[in-house]
Amino acid sequence: MAVPLYLLILLVGVLCGESKFMVYNTSQSIVPGKLNVHLVPHTHDDVGWLKTVDQYYVGSNNSIQGACVQNVLDSVVPALLADKNRKFIYVEQAFFQRWWRDQSETVQSTVKQLVSSGQLELINGGMCMHDEAVPHYIDMIDQTTLGHRFIKEEFGITPRIGWQIDPFGHSAVQAYLLGAEVGFDSLFFGRIDYQDRAKRKAEKSLEVVWRGSKSLSSSAQIFAGAFPENYEPPKGFYFEVNDDSPVVQDDRNLFDYNVQDRVNDFVAAALSQANITRTNHIMWTMGTDFKYQYAHTWFRQMDKLIHYVNQDGRINALYSTPSIYTDAKYATNGSWPIKTKDFFPYADRVNAYWTGYFTSRPALKGYVRMMSGYYLAARQLEFFNGRSKSGPNTDSLGDALAIAQHHDAVSGTEKQHVADDYAKRLSIGYKEAEDLVAESLACLASKTGCQNAVTKFQQCPLLNISYCPPSEIDLSSGKKLVVVVYNSLGWTREDVLRIPLTQVIDENVTVWDSSGQEIESQIIPISNGSLGIRNYYSAAYLGKAPSLSPAYWLAFSASVPPLGFSTYTISSAKRTAAASKRQTFYKSRGNKNDIVEVGPGNLKLVYSGNEGELTRYINNKRSVNASVQQSYSFYLAHDGSTDLEPQAAGAYIFRPNGSFSIKSERQQVPLTVYRGPILDEVHQTINSWIYQITRVYKGKEHAEVEFTVGPIPIDDGIGKEIVTRISTNIKSNKTFYTDSSGRDFIERIRDYRADWSLQVNQPVAGNYYPINLGIYMKDTNTELSILVDRSVGGSSIVDGQVELMLHRRLLHDDSRGVAEALNETVCVHDECTGLTIQGKYYLRVDPQGEAAKWRRSFGQQIYSPFLLAFAEQDGDKWESSHVPTFSGVDASYSLPENVAMITLQELQDGKVLLRLAHLYEIEEDQDLSVMASVELKKLFPNKTISKISEMSLSANQERAEMLKKRLVWKVEGSNDVEPTVLRGRPIDPSELVVELAPMEIRTFSIDFNYKSSTSESKVD
């Protein structure tokens, strides 16, 4: 066959072409006067989502997603070594630390050089990129501290940049607390509402100075930037293996030479972004989820782009990091728009509000919150007993909790097998911490010292479902049950304990306090519904059904000193007349005029006996007599089938398709009321899958509502989202208040955004907000406050009414990547049912202006419940060998009521980490929104502080050093003289008194002198 002449000429040209190695000039730095395009190579590695954290690390289970973080880090290091101008940033310490432990000393030394030179920058620095809607601020601090301290110990550096690029909306607490207060100079993120983003693009206000706290104001502001289009490269500049973006083909001897085309594409994309960005600096985020598994494919193309774009000369391209970018922005000396409050709720398009995940997987959310409070208490006991080098410690639980704060973990937006993995890790961590708690309490309670402490304390992690084997002993044989009650709060606390007991007669159960005095107690029958849940779920957790079932709750009031314990003893001895008040029992019969008043103390709840519904809330002590109703409803979950762009409700998205009241399956909701000297209980069967117990305590001025919801029926093929509504006559005028990550309260106005003119397309979902601590509304006379035991979504859709979403069960995926419907089930012996949720919320009505005290103080009690430990006692040997009560603080001292100790932890190096938090905002309470003082000498009466250093929030640098380095940004409209913000003074080395201003958190690293009680303290 004849060969065409042009092919012969081409073949000769190729064979005779000169071979040469091309060296690309990547050394370019910032060029004044030109548009500078900062190329920031990065990977976003979810610490669990579609696969578990370990599956992502090692690259297993790739039938779900082809992702291996080990490959990313293995690949990036040699790619950086190949060119000293290349740069890379890494975020998730849960992965980095796994990889670091696997490396040889030679590789570790090389990586340290890369970090020192700035080629590899560790930013954000927490164990994960935590969510910002549903974690509690204490958990956010703890997980960030774990990562930051590792980076400091291994590399001697402190991360400068916040990099929250994927969480689904952004909290005020993230900006001022986990941003400015940890020492970050800037904070970058990817997800803001699509309407907000459009307006900010038009106004060139994607980058702002964010003041998240009205209390701390400019003293805790941070430069913050939202990306123009999420956190990925511009279209056409993806360079992972097999990505479809055109590569830079610069070999003229080959077909498809396209250098000028690619340069033109680059310049066009850069100019487009420059048109919506202030200054002559823009950032390109060169990477996305789990990229750089073969890093050379990215760096090869970026090398070429930098080389040829800079040869072209129209703009300047350079390898960069967010730190370099931030410094460049700061050097322009410009003024920036100011941003206050937060970036919630988030929608990425019409009908797509990411507000469903505020409630998704409520069982996991509850478990995380329970473990968080336990972790705080366990670390205190570890400190009091002394950290063991060989015995159990709290590290495993801390690691599990840290990973669980990831934005696809506690958020509830992961696949089911990944949610199971998070729960498993928490359970393993709890078991070791449980052993530590038992050892510490045995040691502290023993009169003969730790070496001779033999008491084997048991605990009841399933007490919420009435399962507590240590308390279900046979008391008739003369045994006594000893209950040690630990209080992790810094002030004396009184609360009612409820402990399940087996078959007893109420007159024959007696409770003695720490001083040996018989105290009042009350027996309450356990409902059949509660027993059913107990037996079913204990079988699910333990693999077998319990052999015994308790018959009663024993209730009594416990008083426990700050950071200490009290001991209570229970026996079957005959009670005295003073303690033997019998409870009464009432069951409504639907009489037309029947009125039922409940409450043994100041608070009275009034129910209609006819309808079985709450009607009034009365507290004569506070002159409150308010109309209050409570009901249940459900939203039908939209399946998106009628949309041009289908959008179903799912794990992320809340999209209701109508709301329906849940009526009793009978004509009335029957009331069963148990009355007693300590509390009254109202039991209501709402329907076959909703059961409610409302408790009113003698010494409390709030109502406790325990709800049991599920399995949510889906026989009709439609998913449902369950809400409870509390209705009042409060004239709220569209306004209500929700907390930011359990800290500041932020004003919300229905169908309104302060930053742009809201186009309302989802009047319910678009008004939902995350609730970690509580929600309240008010008018000129009255405040209604509701506090929660875990993260939920909530709102005020109607004036005078608050609603909380308690549970969700959905049948469609919402097309945001998880590819799985949120249909949680529980399986026992291969039989599966929908998940049942049990939780609590707390309700109180106050005169206007008087509610903050309860929200703040009781909110701490919800987060830090009593820790209970049980032991059996034969005879009277306990009193002779054990101390009945203990407090870690001076006997005459407690923390001020506006201060909480949120961290007391002995670290591995023997130093002690202490965090104290002011609980109030400015102007929140006339008595408590003031400077508070904590006396460390009385807080640690038996120890001498030899050295104390105030640290940044994440304890990785001294605060004075952090403030010295901080960039001070100008804001538009400012005269450069900001009002003075109230802050506590530096600690005096002789007085050792810590001052805290409203909303201030102060962190200290303390060295104790255990050998001498008179040595001089010093402050660094």
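Since this is a predicted model, take the numbers as computed values, not measurements.

### Regarding the packing of helix α13 (residues 395-404) against helix α14 (residues 416-445)
So, point 1. Between α13 and α14, the shortest axis-to-axis distance is 7 Å and the interhelical angle comes to 155°. Between α13 and α14, the crossing angle belongs to the class labelled roughly antiparallel. In this structure, the crossing between α13 and α14 has a hand that is left-handed. In contact with Ser396, Leu397, Ala400, Leu401, Ile403 and Ala404 of α13, α14 contributes Tyr422, Arg425, Leu426, Ile428, Gly429, Tyr430, Glu432 and Ala433.
So, point 2. Class assignment of the residues belonging to the contact of α13 with α14 gives a composition of ten nonpolar, two polar and two charged.

### Comments concerning the nonpolar core
So, point 1. Among the nonpolar cores identified, the biggest contains 189 residues, and Phe96, Phe266, Tyr292, Val934, Leu936, Leu939 and Phe940 are the most heavily contacted of them.
So, point 2. Top element by residues in this core is α14. It accounts for 13 residues.
So, point 3. Beyond its immediate chain neighbours, meaning those up to four positions away, Phe266 contacts Val37, Leu39, Phe237, Trp284, Leu305, Val309, Ile315 and Ala317.
So, point 4. Residues Ile138, Trp210, Leu489 and Leu953 belong to the second largest nonpolar core, which totals 39 residues.

### A few points about the sheet that holds strand β20 (residues 552-560)
So, point 1. Reading across the sheet, the three strands line up as β16-β20-β19 and stay open at both edges, with antiparallel pairing between neighbours. Taken across any chain shown, the strands that pair with only one partner, and hence form the sheet edges, are β16 (493-501) and β19 (521-525). Neighbouring strand axes in the sheet, compared pairwise and without regard to direction, differ in orientation by 30° on average.
So, point 2. As paired strands, β19 and β20 are joined by five bridges and run antiparallel to one another. Its bridge partner lying in β20, Ile523 is registered against Leu554.

### Here we look at helix α11 (residues 322-331)
So, point 1. Within α11 the residues assigned to the buried category are Pro322, Ser323, Tyr325, Thr326, Ala328 and Lys329.
So, point 2. Of the residues trailing α11, Asn333 is marked for its positive phi of about 60°.

### Side note on the packing of aromatic side chains
So, point 1. Evaluated as defined, the whole model comprises 54 aromatic pairs.
So, point 2. Between the aromatic rings of Tyr24 and Tyr308, the centroid separation amounts to 6.2 Å while the plane-to-plane angle is 75°, which identifies the pairing as edge-to-face. Of this pair, Tyr24 sits in the loop between α1 (5-16) and β1 (36-41) while Tyr308 is found in helix α10 (residues 296-312), placing the two residues 284 residues apart along the sequence.
So, point 3. The class of Tyr308 is buried, set by a relative accessible area of 12%.

### Some remarks on the environment of Glu721
So, point 1. You can see Glu721 is positioned in strand β32 (residues 720-728).
So, point 2. Setting aside chain neighbours within four positions, we find Glu721 in contact with Ser633, Phe634, Tyr635, Ala637, Phe654, Met805, His807, Arg808 and Leu810.
So, point 3. Among the polar contacts listed, one links the side chain of Glu721 to the side chain of Arg808, at a separation of 2.5 Å.

### Comments concerning the environment of Ala555
So, point 1. Its location among the elements puts Ala555 in strand β20.
So, point 2. It is 8.9 Å that separates the C-alpha atoms of Ala555 and Pro500, two residues lying 55 residues apart in sequence.
So, point 3. Sequence-distant contacts of Ala555, that is, excluding residues within four places in its chain, are made with Val496, Leu497, Arg498, Glu520, Ser521, Gln522, Ile524, Ile678 and Leu679.

### Side note on the side chain of Ser323
So, point 1. Within the secondary structure, Ser323 is located in helix α11.
So, point 2. Separated by 2.3 Å, the side chains of Ser323 and Glu121 make a polar contact.
So, point 3. Those residues in contact with Ser323 that lie beyond four places of it in its chain are Glu121, Arg160 and Ile161.

### Some thoughts on the pattern of salt bridges
So, point 1. This structure, assessed with the given rule, holds 65 salt bridges.
So, point 2. Residue Arg534 pairs with Glu472 through a salt bridge whose shortest N-O separation is 2.9 Å. Residue Arg534 is found in helix α15 (residues 528-542), and its partner Glu472 is found in the loop between α14 and β15 (480-487); the two are separated by 62 residues along the sequence.
So, point 3. Glu472 gets classed as buried once you look at its relative accessible area, which sits at 10%.
So, point 4. Across the pair Asp789 and Arg790 runs a salt bridge whose closest N-O atoms are separated by 3.0 Å. Like Arg790, Asp789 is buried.
So, point 5. Residues participating in the shared-partner salt-bridge network are Arg498, Glu681, Arg695, Glu704, Glu706 and Lys840.

### Considering the confidence of the model for the protein chain
So, point 1. Per-chain confidence: the protein chain averages 92 in pLDDT, with 94% of residues scoring 70 or above.
So, point 2. Of the regions scoring below 50 in pLDDT, residues 5-19 engages in four contacts with residues more than four places distant in sequence or in other chains.
So, point 3. For residues 1012-1020, every residue scores under 50 in pLDDT, and the model assigns this stretch 24 contacts once sequence neighbours within four places are set aside.

### What to know about the sheet that holds strand β6 (residues 207-211)
Sheet strands associate in pairs through backbone hydrogen bonding, adopting either a parallel or an antiparallel arrangement.
So, point 1. Strand order in the open sheet formed by five strands is β4-β5-β7-β6-β12, and the pairing between neighbours is mixed. Single-partner strands in this sheet number two, and they are β4 (161-164) and β12 (338-340). Recorded for the sheet is a direction-independent mean angle of 30° between the axes of neighbouring strands.
So, point 2. Where β6 lies against β12, three bridges are found, and the strand directions are parallel. Looking at β12, one finds that Val209 is bridged to Ile338.

### Some thoughts on unusual backbone geometry
So, point 1. With an omega dihedral of -10°, the bond running from Phe344 to Pro345 counts as a cis peptide bond.
So, point 2. As for its placement among the helices and strands, Pro345 is situated in the loop between β12 and β13 (347-349).
So, point 3. Look at the link from Gly710 to Pro711: it is a cis peptide, with omega at -10°.
So, point 4. In this fold, Pro711 is placed in the loop between β31 (703-709) and β32.
So, point 5. Not every positive phi belongs to a glycine, and Asn124 is a case in point at roughly 65°.
So, point 6. Positive phi is not limited to glycine here, since Ala955 has a value of about 60°.
So, point 7. Mapping Ala955 onto the fold places it in the loop between β48 (944-951) and α19 (959-965).
So, point 8. By relative accessible area, Ala955 is classed as buried at 4%.

### So, the state of the cysteines
So, point 1. A full pass over the atoms with the stated rule returns two disulfides.
So, point 2. A disulfide bridge connects Cys460 with Cys468, and the sulfur atoms are separated by 2.0 Å. Here Cys460 and Cys468 share a disulfide; its torsion about the S-S bond, 60°, makes the bridge right-handed.
So, point 3. Cys460 gets classed as buried once you look at its relative accessible area, which sits at 13%.
So, point 4. The disulfide partner of Cys827 is Cys832, and the S-S distance across this bridge is 1.9 Å. As the torsion about the S-S bond is roughly 105°, the Cys827-Cys832 disulfide counts as right-handed.
So, point 5. Residue Cys827 is classed as partly exposed on the basis of its relative accessible area of 41%.
So, point 6. The closest cysteine sulfur to the non-disulfide-bonded Cys68 is located on Cys128, 20 Å from its own sulfur.

Parameters at a glance
- Starting afresh in each chain, residues are numbered from 1 along the sequence in its written order.
- Totals for whole chains, interfaces and linings use all residues, but because this is a predicted model, local features are given only for residues with pLDDT of at least 70 and pairs of side-chain atoms are given and counted only at 80 or more.
- Excluding hydrogens and water, the side-chain figures rest on all heavy atoms present in the structure.
- Only the contacting stretch of a helix is used when fitting its axis, a line to C-alpha atoms as for every element, and angles between N-to-C directions run 0 to 180 degrees.
- In this description a helix means any DSSP run of H or I spanning at least four residues, a strand means any run of E spanning at least two, and both kinds are numbered starting from the N terminus.
- For classification, angles of less than 35 degrees are called roughly parallel, those exceeding 145 degrees roughly antiparallel, those between 65 and 115 degrees roughly perpendicular, and all remaining angles oblique.
- Helix crossings fall into two classes, left-handed where the near helix is turned counterclockwise from the far one by less than a right angle and right-handed where it is turned clockwise.
- By definition, residues are in contact when any of their heavy atoms lie within 4.5 Å.
- Residues are sorted three ways: Asp, Glu, Lys and Arg are charged, Ala, Val, Leu, Ile, Met, Phe, Trp, Tyr, Cys and Pro are nonpolar, and all the rest, Gly among them, are polar.
- Side-chain atoms within 4.5 Å link the members of a nonpolar core, which is a set of buried Ala, Val, Leu, Ile, Met, Phe, Trp, Tyr and Cys residues.
- Relative accessibility thresholds used throughout: buried, under 20% of the residue-type maximum; exposed, over 50%; partly exposed, between the two (1.4 Å probe, protein chains only).
- If DSSP finds at least two bridges between two strands, the strands pair.
- Here is the rule: rings of Phe, Tyr and Trp (six-membered ring for Trp) pair when centre to centre is within 6.5 Å. Planes less than 30 degrees apart are stacked, more than 60 are edge-to-face, and the remainder are tilted.
- In protein, a polar contact means a hydrogen-donor-capable atom and an acceptor-capable atom, both N or O and within 3.5 Å, with residues adjacent in sequence counting only if both atoms are side-chain atoms; elsewhere, any N or O pair within 3.5 Å suffices.
- What makes a salt bridge here is a side-chain nitrogen of Lys or Arg within 4 Å of a carboxyl oxygen of Asp or Glu, nothing more.
- Confidence of the predictor at the level of single residues is given by pLDDT, which spans 0 to 100.
- By definition, disulfides here are pairs of cysteine sulfur atoms that lie within 2.5 Å.

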